[in-house]
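# Residue-level structure breakdown
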Amino acid sequence: MLTLSFAPHRQVKVLMRSRLDRAWLSLAPLVALVLFSPEPALAQSIDVVEIASRDQRVRALLLKPARPAGSVILLAGGHGNLALGKDGRIGWGAGNQLVRTRAAYSRAGFATLVPDIAPDLKQGSGGVARYRWSKRYAQDIGALIAYMRPIAAPVYLIGTSRAALSVAKGAVELSAGAVRPDAVVITSGMLVHISAAQPSAERNVGGLERVRQPILLVYHEKDACPYTPAASASKAKRLFRGAKSVDIVLLRGGSAGSGEPCEARSHHGFEGQDAEVVKTVTAWLRKL
């Protein structure tokens, strides 16, 4: 806050006013740019919504630019239980690569939904066993897609890491109507069966050849997570042999971070490359 004290002499008052006038004139173009910018993605609303599915209500963050080009639904990896509060506070997963870039997707011109999981899929601070590839969760994903479609179609489903199983299951199960995603994007996805120690879309979802939508698979060449190696990309592409198209993007650079290699702050989570990931995904979506 700027507080001005004027001396009683008239000449001092005039001098101060002149300086303020010149300062305002120098700032006016910048103020006008901020207040009246024509860029629609700069103006966006953020809401906490609850979406009905089955006998549950799925809480989610909804970000809407003024004139969205479509919608993206961002599914966090790990156990997926965001513990999202009624006030919009994220109890878990705020650093997940998709969750932390939600505003960037909205600024890029897409209505953006970041959902928690339904209450009956939660168990403590995590999720119930095998919910990731369950029909119940696929039904919830369908409800999210149907909710977003009148807001801004087309609707795209994006998942990272373990959420690849959920995206794959949704694409297999949700094959028609308003619940069908128009395209799917998977980043650092647990798609190919690597080890019995972890689930994979190949082993636990199945039927991936029935997916017809365009697909984008994004990997990092130095992802050190043993369950999502970049070397598995060509095999992952073959799993979706019925898809309209399967494009693969292999990113380089960024930072290996200092944490666990399967967590978000590493090459697995594209540490230091958030803007590049969002630009890559949204550019691909706009070309569909």
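In what follows, the structure referred to is the one given above.
Note that the coordinates shown come from a computational prediction; the quantities given were computed from them, not determined experimentally.

Burial runs high along strand S2 (residues 56-65): 8 of the 10 residues are buried. Bridge analysis of strand S1 (residues 44-53) against S2 gives 10 bridges, and the strand direction is antiparallel. By the bridge assignment, Val 48 is partnered in S2 with Leu 61. Summarising the sheet, S2 and strand S4 (residues 111-115) pair through 4 bridges and their orientation is antiparallel.

Next up on the list: the packing of aromatic side chains. By the definition in use, this model includes 2 aromatic pairs. Geometrically, the ring pair formed by Phe 110 and Tyr 156 is edge-to-face, given 6.4 Å between the ring centres and 65 degrees between the ring planes. Of this pair, Phe 110 sits in the loop between helix H3 (102-107) and S4 while Tyr 156 is found in strand S7 (residues 155-160), placing the two residues 46 residues apart along the sequence. For Phe 110, a relative accessible area of 1% gives the class buried. For the pair Tyr 131 and Tyr 137, a centre-to-centre distance of 5.1 Å together with 65 degrees between the ring planes defines the contact as edge-to-face. As far as the burial class goes, Tyr 131 and Tyr 137 line up, both buried.

Here is what the cut-offs are and how they apply
- Residues numbered from 1 in each chain as written.
- Predicted model: local features only at pLDDT ≥ 70, side-chain atom pairs only at ≥ 80, totals over all residues.
- Heavy atoms only, no water.
- Buried < 20%, exposed > 50% of the residue type's maximum accessible area, 1.4 Å probe, protein only.
- Helix = DSSP H or I, 4+ residues; strand = E, 2+ residues; numbered from the N terminus.
- Pairing = 2+ DSSP bridges.
- Phe/Tyr/Trp six-rings, centres within 6.5 Å; stacked < 30°, edge-to-face > 60°.

Function-wise, these values are silent; they only describe arrangement.
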